[in-house]
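# Architecture at a glance
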Amino acid sequence: MENATLPQTVTYTGASLLFEVLQQHGVEHVFGYPGGAIMPIYDALYDSDVNHFLCRHEQGAAFSAIGYARAAGKVGVCFATSGPGATNLITGLADALADSIPIVAITGQVPTGAMGSDAFQEIDVFGLSLACTKHSFQVSDVNDLPNVLHQAFAIALEGRQGPVLVDIPKDIQLAQIETTLEDFSRLTNKVKLPPANVGSAIALLSSAKKPILYVGGGVGMANAVDELRAFADTTGMPSVSTLKGLGAINPDDEHYLGMLGMHGTKAANLAVQECDLLVAVGARFDDRVTGKLNEFAPNAKVIHFDIDTAEINKRRAAHASILGDLKVNLPALEIPLSIEDWQSQCLAMKHDFAWRYDHPGENIFAPAVLKEISDRMPDKTCVTTDVGQHQMWAAQHMQFQDPSDFLTSGGMGTMGFGLPAAIGAQVSRPYDCIVAVTGDGSFMMNVQELSTIKRFQLPVKIVVIDNAKLGMVRQWQDLFFNGRLSETDLSDNPDFVMLASAFDIKAKQISKKSEVTDAIEEMLDHDGPYLLQVKIDAKENVWPLVPPETANDKMMESTHE
Amino acid sequence: MNNYQLTIKVDDKQVVLERILQVTRYRGFLIHGIHAEVNTGTQLGTVVLQVHSERPISLLIDQINKLIDIKEVKVDNDVTAQIVG
Ligand SMILES: Cc1ncc(C[n+]2csc(CCOP(=O)(O)OP(=O)(O)O)c2C)c(N)n1
C-alpha cells in the first residue's frame, strides 16, 4: 500500500519498540550496562541505530547520561539491569533529582510472574524510585509501553526538569505489540500557573536602592541566559551566582560579583547581606547559599522567579513571586534603574576583595592552576568537577560562558561525578574540549570509567588536584574538629600516571610552580585523552569559608599573606 | 503542632497512594488518619489525609501538587488561614 497518510501497523516486541520511541525522541546515544533482566533490550539494541556506550559501572552510566544532558541541553538516557544494576543507578537518579536534570533511566525487571517472589536479582526499584525520581513507571502491559515512554520524556523535560525511571519486566520486553506508533501523545502541562505578579514586582524593583540579582541553575535549564543577560544589562543590577548558576551571567559583566554562599566571594556575600532587594532567578535559597537562614540578606525584600511553585516561600518568604517561564517573565521586568551609588559601592568591593594569586614557595597553588587552565582553554570548553576543595576552587577561579559549560554535582554533592559526566559531555559535544577537574579521592570513586574513555578514545582532559587527602573533610577536621584527622589520609593512592598508562592515556605529574604552564599547554594541545596530576600541599584550604550556621558576612579568610 | 485534613483527588494510577505517603513523611508531616479510595477502576481516586506538623501546610500542599498524578489538593479545615502567605 503506497498511501503514506494511512498509518501502517507494525508488529514490535516491547524491546524493539523501545528503540523506535527513543529515536522518535531524537535519542542518538545511550549509556548502560547489560544483565539478565534487560537482555531482550540489549538484543534489540544489536539491530538499532542508537549508539550505546558501555560504561564500567551503572553509576558511571547514570552520571554520563547526566553529563550528556547538561552539556547538550537534551534528555540523557541510561540502561541497567534489575537488582544490583538498578540499585547502582540510584545515586545518579538522586543527583539528577537534586540538580533538576532531565534523564530517562530504563531498567530491566524480572518477569511479571516472578515479581514479588524475591526472585534472583529482583529489587523493588519502583519503590526505591519514589524518593529519587521526579516520576517513575513500571510497565505491566506491553500495550502501555509507547505511551509510558512518551510520558517519561515529556515529564523529564516539562516544568522543573528531572529524572524519570521506567522499569520494564523481561516478559514485557519480549511481548509483541501491534501499533502504528503514530500516537505521540504528549502530556499537557497540568500545572496551570497563575498570572505572574509583575505589577508589585516592578514597584519593588523601581523603589529599590540596593538591589542584587541572585542567579541560580534555573536560568540555564530554562534556556534563558540571553534574557537574563539582557535583564542584567538594562537594570545594571550587581549580580551574584550560585554554584549551578555559574556561566549564566557573563563573567566579564563589570557588575558581576561572583559566587555567593559558603565559599562565595567576599564581595558577593557582603553585597547580598547589605542589599535591600534580592531578585532570585531560578534559585532556591539552598543552605549552602544562605548560611544561617534567618540572618541571610536580613534587610532584603524578595522577588522570586521560578518554574516550581513549591520553591516559593519554601525557605524564604517572597514579597513578589513570578512563576513560570523565565524567557517570558524576565523581559517583563526589564526596566532601567538608577542605582549608581550602589553600583560603585559594589564595584569597590569587587576591586578590594579581588582574588589574589600570589602564593609563597615553590609548591603549586591550585587556584592559580585552575585560573590558568581557564585562561588558556579554548572557547566553549566544558568543565566538569568532582566534589570537594577542587570543586570550590574551580567554581571560584574558572570562568564559564554558559551554564552548560560547567557541570558539577550541586545539590547532592556526589563524589565520583566528574569523570563519567565528562564522558557524557564529550559524547554530546565531540568537537569541544572537555576538562574534568577532580580530586584524588573523588577520582577513585569512578576510576573504572577510564576504560570507557579508552574504548571510545574520548579526548577528555583529566586534571587531578592531588593533595593525598580527602581535602574538604580534612579542612573541616582541622577547622572544626580540633585537627583530629580521622580517615582522611590518601597518601597510599596508586601512582596515577601509571594507572592512566594502563588505560593508554597519556599522563604527567607536576609538583612545582615552574612546571605548570608547560604542562597545561601540553595537555590542551594533546589530541587524545590526557591526565594531569597536580600535586599540591595537603594543608591548603578553600577560602573564604562561612562556617556552618553562620551569617554570610562572618566568613573566615586566608591567613597567609 | 497543627492538625490538618487534606482531601486529594488523584488520577487513579499505580502507587499514587504510596507516592503521597512518601512525600508526606519526607516533608515532615506525621499522618494520624487516612482514608483512601484508589485503584477503583475509574479515572478518579480520592485520598483523605489527616496530618500534623509544625511546618506550614502550604509546604506539603505544594509538594503533593508536584506529584504527576495529582488532580487537586484541598485543605478542609481553616487552620491554613494562619499559615498561607
Ligand atoms: C559519594 C560521597 N561520599 C562522601 C562525600 C563527602 N565528601 C565531601 S568532599 C570529600 C573529600 C573529597 O576529596 P577529594 O576528591 O580528594 O577532593 P579534595 O577535597 O581533596 O579537593 C568527601 C569525602 C561526598 N561528597 N560524596
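Keep in mind the model is a prediction, meaning the values are calculated, not measured.

## Here we look at the overall build of chain B
Of regular secondary structure, chain B possesses 2 helices and 4 strands. For chain B, the N- to C-terminal ordering of α and β elements is β-α-β-β-α-β. Computed over the C-alpha atoms, the radius of gyration of chain B is 12 Å, within 12% of the 12 Å expected from 2.2 N^0.38 for a compact globule of 85 residues. By principal-axis analysis of the C-alpha atoms, chain B measures approximately 40 × 20 × 20 Å. A buried classification covers 40% of the 85 residues belonging to chain B. Surface exposure of chain B reaches about 4600 Å², of which carbon and sulfur atoms provide 49%.

## Quick look at the side chain of Asp253(A)
All names here are of chain A. Mapped onto the fold, Asp253 is located in the loop between β10 (239-241) and β11 (256-259). In this structure, Asp253 is buried with no salt-bridge partner, the nearest side chain bearing the opposite charge being Lys350 at 6.3 Å. Asp253 has contacts with Ala232 and Lys350, leaving out every residue within four places of it along the chain.

## Overview of the packing of helix α11 (residues 266-274) of chain A against helix α14 (residues 340-352) of chain A
Residues and elements named next belong to chain A. The contact between α11 and α14 brings their axes to 9 Å, and the two run at 150°. The angle between α11 and α14 places the two elements in the roughly antiparallel class. The element α11 and its partner α14 pack so that their crossing is right-handed. Contacts between α11 and α14 involve Ala267, Leu270, Ala271 and Glu274 on the former and, on the latter, Trp342, Gln345, Cys346, Met349 and Lys350. By residue class, the composition of the contact of α11 with α14 is 6 nonpolar, 1 polar and 2 charged.

## With respect to the state of the cysteines
All names here are of chain A. Using the criterion set out here, one finds 0 disulfides over all chains in the structure. Here Cys275 is not disulfide-linked; the sulfur of Cys346 is the nearest cysteine sulfur, at 9.0 Å. The exposure class of Cys275 is buried, given its relative accessible area of 0%. A disulfide-free cysteine, Cys433 has its sulfur positioned 9.3 Å from the sulfur of Cys382, the nearest such atom.

## Considerations on the site of the ligand
Residues and elements named next belong to chain A. Surveying the vicinity of the ligand reveals 17 residues, the closest of which are Gln389, Gly413, Gly441, Ser442 and Gly471. Here Gly471 contributes a backbone N or O atom positioned 2.8 Å from an oxygen atom of the ligand. Backbone polar atom of Met472 to an oxygen atom of the ligand: 2.8 Å apart, as the coordinates give it. In isolation the ligand offers 590 Å² of accessible surface; the protein chains occlude 77% of this area.

## Quick word on the packing of helix α15 (residues 366-376) of chain A against helix α21 (residues 516-525) of chain A
All names here are of chain A. It is the contact of α15 with α21, at a shortest axis distance of 10 Å, that shows an interaxial angle of 45°. The angle between α15 and α21 places the two elements in the oblique class. Crossing of α15 against α21: the hand is right-handed. Where α15 approaches α21, its residues Val369, Glu372, Ile373 and Arg376 are matched on the opposing element by Val516, Thr517, Ile520, Glu521, Met523 and Leu524. Along the lines of polarity and charge, the residues of the contact of α15 with α21 split into 6 nonpolar, 1 polar and 3 charged.

## Quick word on a nonpolar patch on the surface
On the surface, Leu21(B), Ile31(B) and Ile34(B) cluster together into a nonpolar patch covering about 220 Å² of accessible area. Residue placement: Ile31(B) occurs in strand β2 (residues 30-37).

## A short note on the environment of Ala248(A)
All names here are of chain A. By the element assignment, Ala248 lies in the loop between β10 and β11. Here Ala248 falls in the buried class, since its relative accessible area comes to 0%. When neighbours within four sequence positions are excluded, Ala248 is seen to be in contact with Val215, Val219, Val225, Leu228, Arg229 and Pro403.

## What to know about the sheet that holds strand β15 (residues 382-385) of chain A
Residue and element names in this part refer to chain A. Taken in spatial order, the 6 strands line up as β16-β15-β17-β18-β20-β19 in an open sheet, and their pairing is parallel. Both outer strands of the open sheet, β16 (406-407) and β19 (506-510), are each paired with one neighbouring strand and no more. Sheet topology note: the β15/strand β17 (residues 434-439) ladder contains 4 bridges and is parallel. Its bridge partner being in β17, Thr385 is matched across the sheet by Val437. Sitting on the sheet, helix α16 (residues 389-397) is in contact with β15, β16, β17 and β18 (461-466), with an inclination near 135° to β17.

## Overview of the sheet that holds strand β3 (residues 51-54) of chain A
Residues and elements named next belong to chain A. An order of β3-β2-β4-β5-β7-β6 is seen for the 6 strands of this open sheet, with the pairing classed as parallel. The two strands at the open ends of the sheet, each matched to only one other strand, are β3 and β6 (135-138). Across the sheet, the mean angle from the axis of one strand to that of its neighbour is 20°, orientation sign disregarded. In terms of strand pairing, strand β5 (residues 103-109) meets strand β7 (residues 164-169) through 6 bridges, oriented parallel. Bridging from a neighbouring strand, Ile106 pairs with Val166 of β7. Helix α3 (residues 58-72) contacts β2 (29-32), β4 (76-80) and β5 of the sheet and is inclined by roughly 170° relative to β4.

What counts, and at which threshold
- Residues numbered from 1 in each chain as written.
- Chains lettered and ligands numbered in written order.
- Predicted model: local features only at pLDDT ≥ 70, side-chain atom pairs only at ≥ 80, totals over all residues.
- Heavy atoms only, no water.
- Helix = DSSP H or I, 4+ residues; strand = E, 2+ residues; numbered from the N terminus.
- Rg over C-alpha atoms; globule rule 2.2 N^0.38 Å.
- Buried < 20%, exposed > 50% of the residue type's maximum accessible area, 1.4 Å probe, protein only.
- Areas by Shrake-Rupley, 256 points an atom, 1.4 Å probe, with all protein chains shown as cover.
- Lys, Arg positive; Asp, Glu negative; His and termini not counted.
- Salt bridge = Lys/Arg side-chain N within 4 Å of Asp/Glu carboxyl O.
- Contact = heavy atoms within 4.5 Å.
- Axes fitted to C-alpha atoms, helices over the stretch in contact; angles between N-to-C directions.
- Parallel < 35°, antiparallel > 145°, perpendicular 65-115°, else oblique.
- Left-handed = near helix turned anticlockwise from the far one by under 90°.
- Nonpolar A, V, L, I, M, F, W, Y, C, P; charged D, E, K, R; others polar.
- Disulfide = S-S within 2.5 Å.
- Near = heavy atom within 4 Å.
- Polar contact = N/O pair within 3.5 Å; in protein donor to acceptor, adjacent residues only side chain to side chain.
- Patch = residues over 30% accessible without salt bridge, like charges linked within 9 Å, V, L, I, M, F, W, Y side chains within 5 Å.
- Pairing = 2+ DSSP bridges.

Worth remembering: the numbers are spatial, not functional.
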